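# Architecture at a glance
Listed below are the residues making up each chain.
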Amino acid sequence: MILVVGNINYDILFPLERLPGPHEKASCDEAVTGFGGSAANTAWWLAKLGVDVSLAGAVGNDALGKDHLEHLRQAGVDIDGVLLSDTATGIAVVFSLGREKRMVRASGANMTGKVEPDLLNGIGLVYLSGRDIRLLTDYAALARDRGITVICGTHGFMESGLEDTADGFILNADEVRTVTGLGDPEEGIRALDSELAAVTLPAGGCLVARGIDVRKIPSPELDPVDRTGGGDAFAAGFLAGLDKGLDVMKCGEMGNRLAAEVIMGMGARPEIIIPEDL
């Protein structure tokens, strides 16, 4: 069973043809609203892939938060570790330009989560993906004390030394450059010096590594409709592979395939039919 710890948001997405200039009032045909947050997205897709998954974090004790919890529960995510906070549910506003996106986030309740040690009972892997370094650090420490594998999926952990407790990483190329200072993703993934790592690439596909052995896994060339949530879907596919005991190459292939399905729809959780073989 996998425990995912981190962000749970409500998304407001604006599909644009270009970003507005200074003082310009840009417009689009419609806004797309829905549930998001990096940790919640990954947990949701894991459940859709048939993996037993729990989520830890916090949402506001408001309509958005309660609706989000029901959405997760219906997908099969165990939400016992999600706190109902007096702080409003986190919001993300996304400006989507097909291959590119810009995002503004209000963390809100995401910074109010509390550690529930009992959530780690029966857990084989903990995946961290959020901005509340305190919460991530506490769960990582508890997991390591119990011999549970810890995978980090956000560059924020580098600000706290959490990388020293991680067994692996799932990052994108920009995050690798931020945390290692290296522009070449292959050099960056080696510099992570991790037992296990996966890095998604801007043009598609990924790099995966077991120790010093780095492999590139290509993916079909696509013209994305919206990249929102693509990285979270990749993480879900990759983690699902680990949960099934697959080798790192197969995990990367699973991540690529699910991400490719997601970025061809709008929003972090588009209605797609997951291929049976995936």
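Throughout what follows, the structure given in this document is the object of discussion. Note that the structure is predicted; figures quoted are calculated from it, not measured.

## Some thoughts on the sheet that holds strand β9 (residues 149-152)
Spatial strand order, β5-β4-β1-β8-β9-β10-β11-β12-β13: nine strands in an open sheet with mixed pairing. In the strand order of this sheet, the two ends are held by β5 (78-85) and β13 (213-217), each with one partner. The sheet shows a mean angle of 15° between the axes of neighbouring strands, taken without regard to direction. Where strand β1 (residues 2-6) meets strand β8 (residues 125-129), five bridges bridge the pair, whose relative direction is parallel. Directly across from V4, in β8, lies its bridge partner Y127. Packing against the sheet, helix α3 (residues 133-145) makes contact with β1, β4 (53-60), β8 and β9, and its axis sits at approximately 165° to β8.

## Concerning the nonpolar core
Ranked by size, the top nonpolar core spans 45 residues in total, and within it V4, L46, L55, F238 and L239 carry the most contacts. With eight residues, helix α6 (residues 230-243) is the single largest residue contributor to this core. Excluding anything up to four places from it in sequence, F238 contacts I170, L196, A198, V208, V248, C251, G252 and G255.

## Details of the pattern of salt bridges
With the rule as written, the count across this model stands at 10 salt bridges. Two residues, R210 and E195, come together in a salt bridge whose shortest N-O distance is 3.9 Å. Note that R210 is positioned in strand β12 (residues 206-210) and E195 in the loop between α5 (185-191) and β11 (196-200), a separation of 15 residues in sequence. Across the pair K250 and E253 runs a salt bridge, and its minimum N-O distance is 3.7 Å. Taken together, the positions of K250 and E253, both in helix α7 (residues 248-262) and three residues apart, correspond to about one turn of that helix. Accessibility expressed as a relative area gives 43% for K250, which makes it partly exposed.

## Side note on the environment of K66
Among the secondary structure elements, K66 is positioned in helix α2 (residues 63-75). By relative accessible area, K66 is classed as partly exposed at 46%. Setting aside anything within four residues of it in sequence, one finds K66 in contact with G60, N61 and L84.

Rules and cut-offs
- Residues numbered from 1 in each chain as written.
- Predicted model: local features only at pLDDT ≥ 70, side-chain atom pairs only at ≥ 80, totals over all residues.
- Heavy atoms only, no water.
- Pairing = 2+ DSSP bridges.
- Helix = DSSP H or I, 4+ residues; strand = E, 2+ residues; numbered from the N terminus.
- Axes fitted to C-alpha atoms, helices over the stretch in contact; angles between N-to-C directions.
- Contact = heavy atoms within 4.5 Å.
- Core = buried A, V, L, I, M, F, W, Y, C linked by side-chain atoms within 4.5 Å.
- Buried < 20%, exposed > 50% of the residue type's maximum accessible area, 1.4 Å probe, protein only.
- Salt bridge = Lys/Arg side-chain N within 4 Å of Asp/Glu carboxyl O.

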